Number of protein chains: 2
Amino acid sequence: MNRRSAKDSKSSILDAALKAFSEHGYSGANMRTIAGNANISVGGLYLYFKSKEALCLSLMKERLEELSSKTERIVKDTYNPAEAIEKFISINLDYTKEHREIILTQGRDKGFTFGADVKKRFFRQQRKFVEKIIREGVRTGVFLECNVPETAKIVTAMLRGFVLSVLLEPDGLFNVRGCCEFVLRGLLKNV
Amino acid sequence: MNRRSAKDSKSSILDAALKAFSEHGYSGANMRTIAGNANISVGGLYLYFKSKEALCLSLMKERLEELSSKTERIVKDTYNPAEAIEKFISINLDYTKEHREIILTQGRDKGFTFGADVKKRFFRQQRKFVEKIIREGVRTGVFLECNVPETAKIVTAMLRGFVLSVLLEPDGLFNVRGCCEFVLRGLLKNV
DNA sequence: GGTTCACATGAACAGACGTTCAGCTAAAGA
DNA sequence: TCTTTAGCTGAACGTCTGTTCATGTGAACC
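Residues numbered from 1 in each chain as written. Chains lettered and ligands numbered in written order. Predicted model: local features only at pLDDT ≥ 70, side-chain atom pairs only at ≥ 80, totals over all residues. Heavy atoms only, no water.

### Observations concerning the overall build of chain A
Helices and strands together make up the secondary structure of chain A, namely 8 helices and 0 strands. Counting from the amino terminus, chain A carries its helices and strands in the arrangement α-α-α-α-α-α-α-α. Seen along its three principal axes, the alpha-carbon backbone of chain A occupies a region of about 65 × 30 × 30 Å. In chain A, which comprises 191 residues, the share counted as buried stands at 52%. (Helix = DSSP H or I, 4+ residues; strand = E, 2+ residues; numbered from the N terminus. Buried < 20%, exposed > 50% of the residue type's maximum accessible area, 1.4 Å probe, protein only.)

Structure representation (structure tokens):
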């Protein structure tokens, strides 16, 4: 066989695409550059992804599903609600630091409609996690009584802001611990 | 003279550009379409803005300075810190609703570097406002003792998340009042 | 050797892009 | 009437884009 396995080539392309899309946005990213950075020809790239759009969607789906399942796994076996919230926030921020390109999901390129269903599913999923944690917190009397869906929406919105800040600030300048404490102060009964 | 005054044409162009950039991002926006929507020719557009980049920067600057001065004006003559925070948040969210294009400032198009100085100046300004409010709150004993710059950073990050959520959710679904309360619970001594 | 197969190439195409420029139009002043 | 002037036009240019396709290469099997 030739140089690389199909699998290796595909993953090379995905890596390069990730970099390109996160640095230049959808329209700004360039198929020739992506191919070049993946050490493959343009034609070769098109063997694995039938279009730019398909490549970008595949990327987004992969990343969001990975983060979603990671979150679910860790949050599931944490029974203390306060701890669960903390974990929820730090998993998301850690993942953001590791994969800065996750910002793709927030982007507005090609209008908000691009990949809208994938993004929507992800955000709904995230909100459901938070709702579950808060409901448990309220039930066990650790958290304040509140409108659970509304509060979950606020907490996920805050998280979204933290994620953006982590992406925009030079590394380390953003304090994850402080964020968790601040959020918890809004939830806990006895601080 | 011909059809319109230079002033009218320029403002028509800015309106069309705003729409284009916020809907399609920097690379996705199209000078021909912008000109068309502004009822002017491509050549005409270039009489007023020497390049796409200049047009976008001029737009961003205008919007951010408007919001910044609006914030300053209203926050300045509010002496109750809790009220000031509430106003700070709602001014920002109202402005976001009115000018959805503000999302330009959150974007990553053309790399993070595009318009970086304008954005940075704005965000620093915003953080300074928040710091001032918090410092006053701590001084008068209404707010909890805290690391002021760190806390201000967290609050502005949260605001950023709220702004994004307002932009992403269909109108009205996002509860401003609830956000303010949540943030204040993290700041106030006696809730 | 020949054939098959998976993997790969890059020139070429068609269209879109930002930008320029020689020239137009009609109102205002002489 | 002629000239000036502010405002405007849109074809044309060069470049870059996503995408296609006829072709190449070398390992594996017969």
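We are not done yet, so read on.
### Focus: the domain arrangement of chain A
Residues and elements named next belong to chain A. Assigned domains of chain A: these are domain 1 (1–50) and domain 2 (59–187). Using only C-alpha atoms to locate each centre, domain 1 and domain 2 end up separated by 30 Å. Opposite the 8 residues of domain 1 that make contact, domain 2 presents 8 residues. Across the domain 1 to domain 2 interface the summed buried area is about 820 Å²; carbon plus sulfur atoms make up 75%. Across the domain 1-domain 2 interface, the total number found is 0 salt bridges. Connecting domain 1 to domain 2 are 0 residue pairs in polar contact (both at pLDDT 80 or more). (Domains from an automatic or database assignment. Contact = heavy atoms within 4.5 Å. Buried area = accessible area lost by both parts, 1.4 Å probe. Salt bridge = Lys/Arg side-chain N within 4 Å of Asp/Glu carboxyl O. Polar contact = N/O pair within 3.5 Å; in protein donor to acceptor, adjacent residues only side chain to side chain.)

### Things to note about the side chain of A:Lys153
In this fold, A:Lys153 is placed in helix 7 (residues 148–168). Despite its burial, A:Lys153 pairs with no opposite charge, the nearest such side chain being A:Glu150 at 4.6 Å. Among all residues touching A:Lys153, those that are not within four sequence positions of it are A:Arg127, B:Leu173 and B:Phe174. (Lys, Arg positive; Asp, Glu negative; His and termini not counted.)

### Digging into the relation of the copies chain B and chain A
Taken together, a rotation about one axis and a shift along it account for how the two chain copies relate. Between the two copies, chain B and chain A, the superposition gives an RMSD of 0.1 Å; the rotation angle is 180° and the shift along the axis is 0.0 Å. Each copy turns onto its partner about a two-fold axis. Residues of chain B ranked by C-alpha distance from the rotation axis are headed by B:Gly161, positioned 1.7 Å from it. Comparing contact sets, 98% of the residues at the interface of chain B also lie at the interface in chain A, consistent with an isologous, same-surface contact. (Least-squares fit on C-alpha atoms with pLDDT ≥ 70 in both.)

### Digging into the packing of aromatic side chains
Residues and elements named next belong to chain B. For the structure on display, the rule yields 6 aromatic pairs over all chains. With a centroid separation of 5.4 Å and an interplanar angle of 65°, the aromatic rings of phenylalanine 122 and phenylalanine 123 are classed as edge-to-face. In terms of burial, phenylalanine 122 and phenylalanine 123 fall into one category: buried. In this structure, lysine 52 packs its charged tip against the face of tyrosine 26, placed 4.8 Å from the ring centre. (Phe/Tyr/Trp six-rings, centres within 6.5 Å; stacked < 30°, edge-to-face > 60°. Lys NZ or Arg CZ within 6 Å of the ring centre and 35° of its normal.)

### Examining the pattern of salt bridges
Taken as a whole and judged by the stated rule, the model has 15 salt bridges over all chains. The closest approach of N and O atoms between A:Lys76 and A:Glu72, which form a salt bridge, is 3.7 Å. One end of the pair is A:Lys76 and the other is A:Glu72, both in helix 4 (residues 52–76) and 4 residues apart, which spans about a single turn. Residue class for A:Glu72 comes out partly exposed when judged on its relative accessible area of 33%. Here A:Arg139 and A:Glu136 are joined by a salt bridge, their closest N and O atoms 3.0 Å apart. Residue A:Arg139 and its partner A:Glu136 are both found in helix 6 (residues 116–139); the two are separated by 3 residues, about one turn of the helix. Judged by relative accessible area, which is 62%, A:Arg139 ranks as exposed. According to the relative accessible area criterion, A:Glu136 is partly exposed, its value standing at 30%. Several salt bridges converge on common partners, so that one network encompasses B:Lys128, B:Glu131 and B:Arg135.

### Observations concerning the packing of helix 7 of chain A against helix 8 (residues 176–187) of chain B
Where helix 7 of chain A contacts helix 8 of chain B, the axes come no closer than 10 Å and their chain directions differ by 70°. When the interaxial angle is binned, helix 7 of chain A and helix 8 of chain B end up roughly perpendicular. Between helix 7 of chain A and helix 8 of chain B lies a crossing of right-handed hand. On helix 8 of chain B, the residues that touch A:Thr151, A:Ile154, A:Val155 and A:Met158 of helix 7 of chain A are B:Gly178, B:Cys179, B:Phe182 and B:Val183. Classifying every residue of the contact of helix 7 of chain A with helix 8 of chain B by side-chain character gives 6 nonpolar, 2 polar and no charged. (Axes fitted to C-alpha atoms, helices over the stretch in contact; angles between N-to-C directions. Parallel < 35°, antiparallel > 145°, perpendicular 65-115°, else oblique. Left-handed = near helix turned anticlockwise from the far one by under 90°. Nonpolar A, V, L, I, M, F, W, Y, C, P; charged D, E, K, R; others polar.)

### Brief notes about unusual backbone geometry
Positive phi values are uncommon outside glycine, yet A:Asn39 reaches one of about 55°. Its location among the elements puts A:Asn39 in the loop between helix 2 (31–37) and helix 3 (42–48).

### Observations regarding the interface of chain B and chain A
Each partner contributes to the interface: chain B provides 43 residues, whereas chain A provides 42 residues. Our enumeration of links across chain B and chain A arrives at 0 salt bridges. At the boundary of chain B with chain A, the tally comes to 4 residue pairs in polar contact (both at pLDDT 80 or more). No other element matches the 14 residues that helix 7 (residues 148–168) of chain B contributes to the side of chain B that touches chain A.

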